Amino acid sequence: MAQTGNNIRLAGRLLLEGKLVAIPTETVYGLAANALNEQAVLKIFEAKNRPHFDPLIIHVHHIDALSKYTTLDDDRLKRLAETFWPGPLTLLLPKKATIPDLVSSGLPQVAVRIPNHDLTLALLKATNIPLAAPSANPFGYVSPTEPAHVQKQLGEKVDYILDGGVCSIGLESTIVGLEDGKICVFRLGGLALEKIEKICGPVEMRINNSSNPNAPGQLKSHYAPKKPLFIGDIDALAEVNSLNKLALLCFGNKDYSRHRHNLVFNLSKNGDLDEAAINLFKYLRLADDSDAELIICETLPEYGLGRAINDRLRRASAG
Ligand code: TXA
Ligand code: MG
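All values reported here derive from a predicted model rather than from experimental measurement.

Analysis parameters
- Residues numbered from 1 in each chain as written.
- Chains lettered and ligands numbered in written order.
- Predicted model: local features only at pLDDT ≥ 70, side-chain atom pairs only at ≥ 80, totals over all residues.
- Heavy atoms only, no water.
- Helix = DSSP H or I, 4+ residues; strand = E, 2+ residues; numbered from the N terminus.
- Rg over C-alpha atoms; globule rule 2.2 N^0.38 Å.
- Buried < 20%, exposed > 50% of the residue type's maximum accessible area, 1.4 Å probe, protein only.
- Contact = heavy atoms within 4.5 Å.
- Areas by Shrake-Rupley, 256 points an atom, 1.4 Å probe, with all protein chains shown as cover.
- Lys, Arg positive; Asp, Glu negative; His and termini not counted.
- Charge placed at Lys NZ, Arg CZ, Asp CG, Glu CD.
- Near = heavy atom within 4 Å.
- Polar contact = N/O pair within 3.5 Å; in protein donor to acceptor, adjacent residues only side chain to side chain.
- Nonpolar A, V, L, I, M, F, W, Y, C, P; charged D, E, K, R; others polar.
- Salt bridge = Lys/Arg side-chain N within 4 Å of Asp/Glu carboxyl O.
- Phe/Tyr/Trp six-rings, centres within 6.5 Å; stacked < 30°, edge-to-face > 60°.
- Lys NZ or Arg CZ within 6 Å of the ring centre and 35° of its normal.
- Domains from an automatic or database assignment.
- Buried area = accessible area lost by both parts, 1.4 Å probe.
- Axes fitted to C-alpha atoms, helices over the stretch in contact; angles between N-to-C directions.
- Parallel < 35°, antiparallel > 145°, perpendicular 65-115°, else oblique.
- Left-handed = near helix turned anticlockwise from the far one by under 90°.
- Pairing = 2+ DSSP bridges.

1. Concerning the overall build of the protein chain
Thought 1: Helix and strand counts for the protein chain come out as nine helices and 15 strands.
Thought 2: Computed over C-alpha atoms, the radius of gyration of the protein chain comes to 19 Å, within 12% of the 20 Å expected from 2.2 N^0.38 for 319 residues, which places it in the range of a compact globule.
Thought 3: Projected onto the principal axes, the alpha-carbon positions of the protein chain cover approximately 60 × 45 × 30 Å.
Thought 4: A burial count over the protein chain gives 58% of its 319 residues as buried.
Thought 5: Expressed as a percentage of contacts within the protein chain between residues at least 6 apart in sequence, the contacts between residues at least 24 apart total 66%.
Thought 6: Here the protein chain displays about 13500 Å² of accessible surface, and carbon together with sulfur accounts for 50% of that area.
Thought 7: If you average the places of the 35 positive and of the 36 negative side-chain charges in the protein chain, the two averages end up 2 Å apart.

Structure representation (structure tokens):
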């Protein structure tokens, strides 16, 4: 069991000693280490069982703290940073030599963001070091959105869990960068595409569906529960699998009473996609830990955070 609490001083001391601390952010919990300390960063890969070709995001507390580690000189990216930081936006920027190659898996760019969570911002400010932090889950599994999720899976491997409550967004950050001078989205996430395009015009999608090293964390089978997951129309899929005990993740205020012999989780009765994002990973975990044999989830509308939710479900699904 890892010690849990809201002691920023203790968390900061452990990080400066090269230890691992789970940190709260508005998106998901991160497994943090001092990004400037290669030995500490190695521990992240070990604890998560994460391949070294999958690069990490560094977290800083202020845009002025960036210049030691990277350059932000594209006007459009700057505007995105100024509009959405602190928040669920990660930028891919040229890496300076101060950041070990291990952090970026040898790539010339490093992923950076300013998370929007008071405790973690205070921690970053107090330590004045960049924190490398992937989501605090074993590689390939569903991301954690509350301290108990981290405790359950990585409690033996992390030195402290900074308890910042339940994540207010619940999906990993949206990753944006440049390719051939164009603004591209490399991972859908907690910042909706529509909001990005309002600031910088139409963007191109570079969302990978295979193990293309260009987007290493975008492996197809990712964010996955252990039980088989199917996505589509709940009623139709429940009918086909009627011999199994099912966990159903539904959405909206339709009548689900005919499924009462199954486990029913409603992502948002009001059909609110932001609320669905907050609940998604929690319900996937509950479904995975239940006595259901299969998990079935409704496909959500393809706008706002619905797009990122569907992306996660597709990567997690059995087919
Ligand atoms: O919301 C988030 O982004 C959370 C919180 C903790 O900040 N972090 C997170 O990290 O989701 P992680 O490691 O689970 O996903 C980061 C992904 C990588 O898997 C990879 O696809 C992409 O970011 N990435 C990181 N550095 C990159 C780089 N230099 N070039 C391309 N992709 C990169
Ligand atoms: Mg992750």
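Anyway, onward from the coordinates.
2. Remarks on helix α5 (residues 147-154)
Thought 1: All buried positions along α5 are accounted for by P147, H149, V150, Q151 and L154.
Thought 2: Contacts made by the buried residues of α5 are with β1 (3-5), β2 (21-23), β3 (30-34), α2 (38-48), β8 (160-162) and α8 (273-289).

3. Remarks on the site of ligand 1
Thought 1: In the vicinity of ligand 1 lie 23 residues, with T27, D54, H59, Q109 and S173 positioned nearest.
Thought 2: In the model, an oxygen atom of ligand 1 is placed 2.7 Å from a nitrogen or oxygen of the T27 side chain.
Thought 3: The side chain of R187 places a nitrogen or oxygen atom 2.9 Å from an oxygen atom of ligand 1.
Thought 4: Protein contacts shield 95% of the accessible area of ligand 1, which totals 680 Å² for the unbound molecule.
Thought 5: Going through the elements one at a time, β4 (57-59) and β6 (109-113) are the ones with two or more residues in the shell around ligand 1.
Thought 6: Looking at the shell around ligand 1, the element that brings in the most residues is β6, giving three residues.
Thought 7: A breakdown of the residues in the shell around ligand 1 according to their chemical character gives ten nonpolar, eight polar and five charged.

4. Observations concerning the pattern of salt bridges
Pairs may arise between side chains of opposite charge once their charged atoms sit close together.
Thought 1: Counted under the stated rule, the structure contains 17 salt bridges.
Thought 2: A salt bridge links D311 to R312, with the shortest nitrogen-to-oxygen separation between them at 2.8 Å. Like R312, D311 is buried.
Thought 3: Each member of the salt-bridge network shares a partner with another, and the members are E172, D311, R312 and R315.

5. Remarks on the packing of aromatic side chains
Thought 1: Enumeration according to the criterion identifies one aromatic pair in this entry.
Thought 2: Across the ring face of Y223, the terminal group of R312 is positioned such that the distance to the ring centre comes to 4.7 Å.

6. A look at the domain arrangement of the protein chain
Thought 1: Split by domain assignment, the protein chain resolves into domain 1 (3-205) and domain 2 (229-317).
Thought 2: With centres defined by C-alpha atoms, the gap from domain 1 to domain 2 works out at 28 Å.
Thought 3: Between domain 1 and domain 2, the contact holds 25 residues from the first and 17 residues from the second.
Thought 4: For the domain 1 and domain 2 pair, buried surface summed over both sides reaches about 1600 Å², with 56% attributable to carbon and sulfur atoms.

7. Some points on the packing of helix α3 (residues 75-84) against helix α6 (residues 193-200)
Thought 1: Where α3 meets α6, the axes come as close as 9 Å, and the angle between the chain directions of the two elements is 125 degrees. As far as their axial angle goes, α6 and α3 are oblique. Here α3 and α6 pass one another in a crossing that is right-handed. Counting all contacts with α3, which are made through R76, R79, L80, T83 and F84, the residues of α6 involved are K195, I196, I199 and C200.
Thought 2: A per-class count over the contact of α3 with α6 returns five nonpolar, one polar and three charged.

8. Examining the sheet that holds β6
Thought 1: Reading across from one edge, β1-β8-β2-β3-β7-β4-β6-β5-β9-β10-β11 is the order of the eleven strands in this open sheet, with mixed pairing throughout. Two strands in the sheet have a free side with no partner beyond their single neighbour: β1 and β11 (204-205).
Thought 2: Examined bridge by bridge, strand β10 (residues 182-187) and β11 share two bridges and lie parallel to one another. Bridge pairing in β11 links V185 to M205.
Thought 3: Here α2 sits on the sheet in contact with β3 and β7 (131-132), set at roughly 155 degrees to β3.

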